[in-house]
Amino acid sequence: MNNRNISSVERLGVKPLHLALFAALGVFLQAGATRAFAAAAEGKPNILWITSEDHGPHMGCYGDPNGMTPHVDALAARGMLFKKAWSTAPVCAPARTTIISGMYAPSTGGEHMRSMVPMPAGKKMYPEFLREAGYYLTNNSKEDYNLRKPANLWDASSASAHWKNRAAGQPFFAVFNTTVSHEGQIHSNPRPLKLDPAKVRVPAFHPDTPEVRHEWAQYYTNVSAADAVAGQHLKELADAGLAEDTIVFYYADHGPGLPRGKRWPGNFGLQMPLVVYFPPKWRQLAPKEYAVGGKSDRLVCFADLAPTVLSLAGVQPPEWMQGHAFAGRFQVAGPEYIHGFRGRMDESYDFIRSVTDGRYVYLRNYHPHVSHGQHVDTQFNMATTQVWRKLFDAGKATPAQAAFWQVPKAPEELYDLQNDRDEVLNLAGDPRQRATLERLRAAQQAHARRIRDVGFLPEGEIHARSEGSTPYDIGHDDAKYPFERIFATAELASGLKPEATPELRRALGDADSAVRYWGVMGLLMRGPAGVKPATADLQKALVDASPFVRIAAAWALAEHGTVSESRRAIEVLGEHAPWDKNNVFVVIAALAVIDHLGPKAASLRTVAKTWPSDGPSPDERFKSYPPRLLKSIAAQFETGKQPPPASVTKAQKKKKA
Ligand SMILES: [Ca+2]
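Fair warning: this is a prediction, and the values are worked out from it, not measured in the lab.

This next bit is on the overall build of the chain. If you tally the helices and strands in the chain, you get 27 helices and 13 strands. What you see for the chain is a C-alpha radius of gyration of 26 Å, in line with the 26 Å of a compact globule of 657 residues. Seen through its C-alpha atoms, the chain measures out along the principal axes to roughly 90 × 55 × 50 Å. Taking the intrachain contacts of the chain between residues at least 6 apart in sequence as the baseline, contacts between residues at least 24 apart amount to 70%.

The structure is reproduced here in structure tokens:
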């Protein structure tokens, strides 16, 4: 046995005097296939990711007095936690899409909840790199990527996937995700409360009512249940004698499953716990600032996880990965800013980008004409959402509570976490904060340019323009995606400045449909002041070559045109709704506008009954949204009321976000 084999045996934690085991290892190391991975895997740590759904740092180790998380607290006491970790997206699929690729989802076209796009040409998901490094790869069990994965991405990805099924001596990378803390569990599967609702700290944006206190107490209870699951995984590791051989991460997939948490890309929706443990054996791979029981101020986000895990496995992260490795051989200094985003959530479109430097949080609302509390069926199932909305409708919400529901949204929001942990005092208009505002605005714009954010295309155009290629690749091709022109028009449109109106009208004549789209959207966002002087241009836009320009123009005229203009515009929307005549993205876009108009579009009531609720789609993941919108539209036409009462079918409940 050569020295190389002895060293790998020693890394496995085997005492050299255990000769019998030594001999056995000698035999297996001679086997050809095994030798290949043993060589590749030499000196590699096991890596275990314990993940949970939908919760922020409401845990003892993060200093929350109501936290009931002894297992993760103990892990943090012997490891380290990150005080400022962001999931990048406030909802599952886009967040997980960012993790699996090491790229912010808006650069790959995978930002929408849910969607499906091809991986950028020549780029790989992180498990592919780990396989080459000799790892046994398991995922138990949620994937939910908006990127098409290669066959056999994991050695096992199922409810029975487990590191224990690896070959002898093979290092493992294992993910276990629990849904016990998922949003849906708050209302559909209540556990006996472990926290007295009277002890809850209700944030300033939520109303302080018994319903809200109850759901918060339920949330803490469910986070505690997730902690117990983490405890089981850690015990299993210890029982197998692997605790001191394995690097452990604990994190949640985004912020709390409560309204203005999940789906909202501010700090409350994006901040997640991240606790890491490096056993002494692998301490040399730990973050530079690692200290037992320590708390790191470094900014980390989901884009960092792929490069970090590659770095831990001894693989140099490729240049195209957009995050920063915070541990391992190839760790680098942390970034000055981390970023967040929101696109479509289920059936409702919004478009927000956010950034933090760790103290200030900046949100850029590119769709200021819709509220943060826009109707999303799943979210309206919660008592908190319902009671909050009712109080707002009754005029009883405080300004901090009302902002969530108001339209238009401020184009920019700026919060100081140090003085305003609930993010309710928007400082964007405060002259004393001008330098901070400009700095974060510049950081957000620079990031959009750096990653070539393709979210500035209507969702259907992301797909149409990338046919035969990928959204990422066309995003980097100025001929197919003239980023600067589109971005500038989106900035102008959503900035809401009245003096921009003439330039927006000129944008309607641009050769690029996305520039025309933002021109129309900018007029719509300005309400009658934008639409009335431009009705002739908008009527021309009703016959634009791009269906997304036509739909946007119809929305503007339906809302703010004359009676006859509005009638014709609603007819145009109706022409884009049948799934047997339009592609699924056109259908979703048109139905979303009709849903938004609600009773105002009731002239479509009869014809709407003929619209198919099924049709062709490039992927199953898009198919549940037209039926949801059709149901919501029908309910509004029936009742003449907007928004419709919350209702989710059992089938939809099963599809957890
Ligand atoms: Ca989730």
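We now examine the nonpolar core. Judged by nonpolar contacts, the single largest core of 172 residues is most densely connected at Val520, Ala552 and Leu573. If we skip the residues at most four places from it in the chain, Leu573 touches Ile551, Ala554, Ala558, Ala590, Val593, Ile594 and Ala601.

Along the polypeptide, Lys235 turns up in helix H9 (residues 210–239). Residue Lys235 is classed as exposed on the basis of its 12 C-beta neighbours within 10 Å.

Now for the sheet that holds strand S10 (residues 338–342). The antiparallel open sheet is built from four strands, whose spatial order is S10-S11-S12-S13. Across the chains shown, the open sheet's two edge strands, defined by having one partner strand only, are S10 and strand S13 (412–416). Adjacent strand axes in the sheet meet at a mean angle of 15°, parallel and antiparallel pairs treated alike. Here strand S12 (residues 360–365) pairs with S13 via five bridges, running antiparallel. If you follow Val361 over to S13, its bridge partner there is Tyr415.

Packing of helix H17 (residues 483–494) against helix H19 (residues 513–525) leaves a shortest axis separation of 8 Å and a crossing angle of 5°. Relative to H19, H17 is oriented roughly parallel. Residues Arg485, Ile486, Thr489, Ala490, Leu492, Ala493 and Ser494 of H17 form the contact with H19, whose participating residues are Ala514, Val515, Trp518, Gly519, Met521, Gly522 and Met525. For the contact of H17 with H19, the class distribution of residues is nine nonpolar, four polar and one charged.

What follows deals with helix H14 (residues 434–451). Taking 1.5 Å per residue as the helical rise, H14 with its 18 residues ought to reach 26 Å, and the 26 Å between its terminal C-alpha atoms agrees with that figure. For H14, the set of buried residues is Leu440, Gln444, His447, Ala448 and Ile451. Angular distribution of buried residues about the axis of H14 spans 100°; they occupy a single face of the element. Along H14, the residues that are exposed and aim more than 90 degrees away from the buried face are Ala435, Glu438, Ala446, Arg449 and Arg450.

Strand order in the open sheet formed by eight strands is S4-S3-S5-S1-S6-S8-S2-S9, and the pairing between neighbours is mixed. The open sheet has two edge strands with one neighbour each: strand S4 (156–157) and strand S9 (294–301). Where strand S1 (residues 46–52) and strand S6 (residues 246–252) come together, seven bridges link them in parallel fashion. Looking across to S6, one finds that Asn46 is bridged to Thr246. Running at roughly 55° to strand S8 (residues 274–277), helix H4 (residues 70–78) makes contact with strand S2 (80–86), S6 and S8 of the sheet. Against the sheet, H9 engages S1, strand S5 (172–178) and S6, with an angle of about 165° to S1.

Okay, the pairing of S2 next. Where burial is concerned, most of S2 is hidden: six out of the seven residues are buried. Examined bridge by bridge, S2 and S9 share six bridges and lie parallel to one another. Among the inter-strand pairings, Phe82 is bridged to a residue of S9, identified as Ser296.

For Val454, the position within the fold is in the loop between H14 and helix H15 (459–465). Each C-alpha atom, one on Val454 and one on Pro106, is 5.9 Å from the other, the two residues being 348 residues apart in sequence. Ignoring anything within four residues of it in the chain, the contact list for Val454 reads Pro106, Ser107, Gly109, Ile462, Pro471, Gly475 and Tyr481.

Tracing the chain through its elements places Gly358 in the loop between strand S11 (352–356) and S12. Taking the C-alpha atoms as reference, Gly358 lies 22 Å from Asp453; in sequence the two are 95 residues apart.

Take helix H12 (residues 383–393) next. Two residues of an α-helix separated by three or four positions point the same way, owing to the 3.6 residues in each turn. Thr384, Thr385, Trp388, Arg389 and Phe392 are the residues of H12 that are buried. What you see down the axis of H12 is that its buried residues fit within an arc of 120°, all on one side. Buried positions along H12 lie against H9, strand S7 (259–263) and helix H13 (399–402). Looking one or two residues beyond H12, the residue adopting positive phi is Gly395, at roughly 75°.

It is worth spelling out unusual backbone geometry at this point. A cis geometry characterises the amide bond from Met113 onward to Arg114, with omega recorded as -15°. Put simply, Val407 and Pro408 share a cis peptide bond, and its omega is -5°. Summarising the element assignment, Pro408 is placed in the loop between H13 and S13. A positive phi angle is found at Asp144, which is not glycine, with a value near 60°. Along the chain, Asp144 falls in the loop between strand S3 (136–140) and S4. With 20 C-beta atoms packed within 10 Å, Asp144 lands in the buried category. Phi at Arg260 takes a positive value of approximately 65°, unusual for a residue other than glycine.

About the thresholds
Residues numbered from 1 in each chain as written. Predicted model: local features only at pLDDT ≥ 70, side-chain atom pairs only at ≥ 80, totals over all residues. Helix = DSSP H or I, 4+ residues; strand = E, 2+ residues; numbered from the N terminus. Rg over C-alpha atoms; globule rule 2.2 N^0.38 Å. Contact = placed C-beta atoms within 7 Å. Core = buried A, V, L, I, M, F, W, Y, C linked by C-beta atoms within 7 Å. Buried ≥ 20, exposed ≤ 12 C-beta atoms within 10 Å, placed from the backbone. Pairing = 2+ DSSP bridges. Axes fitted to C-alpha atoms, helices over the stretch in contact; angles between N-to-C directions. Parallel < 35°, antiparallel > 145°, perpendicular 65-115°, else oblique. Nonpolar A, V, L, I, M, F, W, Y, C, P; charged D, E, K, R; others polar. Expected span 1.5 Å × (residues − 1). Arc of directions from axis to C-beta.

Limitation: the analysis is restricted to geometry and does not speak to function.
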